[in-house]
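# A look at the structure
Residues per chain, in single letters:
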Amino acid sequence: DAGVTQSPTHLIKTRGQHVTLRCSPISGHKSVSWYQQVLGQGPQFIFQYYEKEERGRGNFPDRFSARQFPNYSSELNVNALLLGDSALYLCASSFRLRPITDTQYFGPGTRLTVL
Amino acid sequence: QKEVEQDPGPLSVPEGAIVSLNCTYSNSAFQYFMWYRQYSRKGPELLMYTYSSGNKEDGRFTAQVDKSSKYISLFIRDSQPSDSATYLCAIGKRQGGKLIFGQGTELSVKP
């Protein structure tokens, strides 16, 4: 079975530009979460979506936005890129949001470099 | 104070050693505890999860949770070079919801 897939794998942008990252969850999973992982740190929660609705938002500025589509895939958008946005962006999917059963499985990530 | 603290390492051990990885958390509202393994430039891979105090074993890996002291551990027996990776503890208030990660401990197992 295919796991979580993310595209693109790598991306280089300059300050002030906009970027869109894409994620396809595991087949049958309805929830997608986004995390930012700066080098040497653990992942930090950005957003969670379930059934196309935002269910959680981390402490990130409004430059960060996301959405989930009817097929449960998701996009993360970042506007007005800053150097500090350089990181590995991880997408995780889970079946639902129910206790115990719904472990999150991560994709390989998109590595974003802002110059 | 961070919600979860993890010894950053790096940790270097000889092959066959027992490895102990540890995290502490600050809020007793956290109910779910997970360990992820992350190889260089890859996404985190779930190793184990638990939601109760005590030990949970899976092959060479044992996850231990002590809710009274807010302490979680991962033990790796008979460590192998293929275990060389960064290990991340993660906590959550409900499964499927937001996860809060530790900084990660970089482990190197030398042949």
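Residues numbered from 1 in each chain as written. Chains lettered and ligands numbered in written order. Predicted model: local features only at pLDDT ≥ 70, side-chain atom pairs only at ≥ 80, totals over all residues. Heavy atoms only, no water.

## Points about the environment of T62 of chain B
Residues and elements named next belong to chain B.
- Note on placement: T62 falls in strand β7 (residues 61-66).
- Taking relative accessible area as the criterion, T62 reaches 9% and is therefore assigned buried.
- In this structure, the C-alpha to C-alpha distance between T62 and F75, residues 13 residues apart in sequence, is 5.1 Å.
- For T62, the contacting residues outside a window of four places in its chain are M48, N55, K56, E57, S73, L74, F75 and R77. (Helix = DSSP H or I, 4+ residues; strand = E, 2+ residues; numbered from the N terminus. Buried < 20%, exposed > 50% of the residue type's maximum accessible area, 1.4 Å probe, protein only. Contact = heavy atoms within 4.5 Å.)

## Side note on the state of the cysteines
- In the structure shown here, the tally under the stated rule is two disulfides over all chains.
- A disulfide bridge connects C23 of chain A with C91 of chain A, and the sulfur atoms are separated by 1.8 Å. Handedness here is read from the sign of the S-S torsion; for C23 of chain A and C91 of chain A, about -60 degrees, the answer is left-handed. Pair noted here: C23 of chain A is in strand β3 (residues 19-24) and C91 of chain A is in strand β9 (residues 87-94), with a separation of 68 residues, a long-range link.
- The class of C23 of chain A is buried, set by a relative accessible area of 2%.
- The disulfide bridge from C23 of chain B ends at C89 of chain B, spanning 2.0 Å between sulfur atoms. Between C23 of chain B and C89 of chain B the disulfide shows an S-S torsion of about -100 degrees. By sign, it is left-handed. A residue pair is termed long-range when its members are at least 10 positions apart, and C23 of chain B in strand β3 (residues 19-25) and C89 of chain B in strand β9 (residues 85-92) qualify at 66 residues.
- For C23 of chain B, a relative accessible area of 1% corresponds to the buried category. (Disulfide = S-S within 2.5 Å.)

## Comments concerning the pairing of strand β5 (residues 45-50) of chain B
All names here are of chain B.
- In the sheet, strand β4 (residues 32-38) pairs with β5 via five bridges, with the strands oriented antiparallel. Pairing of Y36 across the sheet is with L46, part of β5.
- Here β4 hands over to β5 after six residues, with R41 in that stretch at a positive phi of 65 degrees. (Pairing = 2+ DSSP bridges.)

## Brief notes about the side chain of S31 of chain A
All names here are of chain A.
- Relative to the elements of secondary structure, S31 occurs in strand β4 (residues 31-37).
- On the accessibility criterion, S31 (0% relative accessible area) is buried.
- Among the polar contacts made by the side chain of S31, one reaches the main-chain carbonyl oxygen of Y49 at a distance of 3.1 Å. (Polar contact = N/O pair within 3.5 Å; in protein donor to acceptor, adjacent residues only side chain to side chain.)

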